[in-house]
Amino acid sequence: MIRETIVTTRSASGEPHIAPMGATVIEGGYLLQPFRPSRTLDNLVATKIAVVNFTDDVRIFAGCVVGRRMKVDVSKSVYLDCPRLSDAIANDEVTVERIEDDPHRPKIYCKTYYRDNHKRFEGMNRAKAAVLEAAVLASRLDLLTDEKVDQEMAYLAIAVEKTAGPEELEAWGWVQEAIAEHRRRRAS
C-alpha cells in the first residue's frame, strides 16, 4: 500500500526541505523511492533521517508539484533532528536502514523510530483526493498525451465541483494553470 505523504528532510547543514512522496508501507516502516535528481534523496543519503507527514492540506502537494511553494511552517520533531510539518495530522519519524541504489530511482528502506498524532482527522473529502490525483497528472505532463490529461481532469473536476472547499479550489486552480502553462511553453 502506498500512502501519499509529505516527506520532510534536512540537509547536512540543517536546511529543511519538503516534498510530496508516495511512501510504501512495509513491515516496520516505509519504502521511499525519490527520482534522481532530488534534494530529498541527497538529504536522506547525507543525514539518514526523515519525517513522513500525514496531512490533508492538498495545497502543499499541489504547490510543490507545480512550483507554487506556499509558506509551510515546520517544527522540531520529538526525537530525530529533522523538521516536521507543524500542521500535520500525524507524522512518523524514520531512520534510513538501507539504500538500494538505482540510476533513476533508488529504494530507501526506512524504519519508523517514533509516531506522533497531533490533531483529529476530520474525515474524507472527495475533492482532496481529486486534487491529489490532478497534482500527480501535472507531475507527468511530459509522459502523457493531452487527451489523457484532459480526460482525467474532466473526471476529477466532478468531485472538485461537488465537494471542494476554498483550499481545494485554490490548489485545483494551481494545477489547471500549470497544465495550461506547460502547453503554452510546448507550443512556442
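Sequence order sets the numbering: in each chain, residues are counted from 1 along the sequence as written. A pLDDT threshold of at least 70 governs which residues receive local features in this predicted model, and a stricter bar of 80 or more applies before side-chain atom pairs are shown or counted, although totals over entire chains, interfaces and linings include all residues. Neither water nor hydrogens contribute to the side-chain values; these are computed over all heavy atoms in the structure.

### As for the side chain of asparagine 91
For helices the rule is a DSSP run of H or I covering at least 4 residues; for strands it is a run of E covering at least 2, with both sets numbered from the N terminus onward. Among the secondary structure elements, asparagine 91 is positioned in strand β7 (residues 90–100). The buried label applies to any residue whose accessible area, calculated with a 1.4 Å probe on protein chains only, is under 20% of its type's maximum; exposed applies above 50%, and partly exposed to all values in between. Judged by its relative accessible area of 1%, asparagine 91 falls in the buried class. Residues adjacent in sequence count toward polar contacts only when both atoms are side-chain atoms; beyond that, a polar contact is any pair of N or O atoms within 3.5 Å, and within protein one must be able to donate a hydrogen and the other to accept it. Within the structure, the side chain of asparagine 91 is placed 2.4 Å from the side chain of histidine 118, a separation counted as a polar contact. Other than its neighbours up to four places away in sequence, asparagine 91 contacts Val51, Val52, Asn53, Phe54, Arg84, Tyr114, Arg115, Asp116 and His118. Note on contacts: a residue pair is in contact if any heavy atoms of the two residues lie within 4.5 Å.

### Quick notes on the environment of arginine 68
In this fold, arginine 68 is placed in the loop between α2 (58–66) and β5 (74–76). Not counting residues within four places of it along the chain, the set of residues in contact with arginine 68 comprises Gly63, Trp174 and Glu177.

### Structural notes on the environment of proline 16
Summarising the element assignment, proline 16 is placed in strand β2 (residues 16–26). Relative accessible area serves as the criterion here: at 39%, proline 16 is assigned to the partly exposed category. With 93 residues separating them in the primary sequence, proline 16 and tyrosine 109 have C-alpha atoms 21 Å apart. Leaving out residues up to four positions away in the same chain, proline 16 has contacts with Thr9, Arg10, Arg39, Val74 and Pro83.

### Focus: the sheet that holds strand β3 (residues 29–32)
Any two strands with at least two DSSP bridges between them are considered paired. Strand order in this closed barrel of 6 strands is β1-β2-β3-β8-β7-β4, and the pairing throughout is antiparallel. When the angles between neighbouring strand axes are averaged without regard to direction, this sheet yields 45°. In the sheet, strand β1 (residues 2–10) pairs with β2 via 9 bridges, with the strands oriented antiparallel. Its bridge partner lying in β2, threonine 9 is registered against histidine 17. Helix axes are fitted to C-alpha atoms over the stretch in contact, other axes to C-alpha atoms as well, and angles between N-to-C directions run from 0 to 180 degrees.

### Focus: the pairing of β1
Between β1 and β2, which follow one another and run antiparallel, lie 5 residues, and glycine 14 among them has a positive phi close to 100°. As judged from the 3 bridges shared by β1 and strand β4 (residues 49–54), these two strands associate in the antiparallel manner. Paired with isoleucine 6 across the strands is asparagine 53, a residue of β4.

### Description of the nonpolar core
Formed by 20 residues in total, the largest nonpolar core has its most connected members in Ala62, Val131, Met153, Trp172 and Val175. Counting only elements with at least two residues in this core, the list comes to α2, α3 (126–138), α4 (146–163) and α5 (166–187). Discounting residues that sit within four places of it in the chain, methionine 153 has contacts with Ala134, Leu137, Trp172, Val175, Gln176 and Ile179. Only buried residues count toward a nonpolar core. Its members are Ala, Val, Leu, Ile, Met, Phe, Trp, Tyr and Cys residues joined through side-chain atoms within 4.5 Å. Core analysis: the next-biggest nonpolar cluster, separate from the first, contains 13 residues, Val52, Val94, Val96 and Cys110 among them.

Without other data, these values stay purely geometric and don't point to any function.
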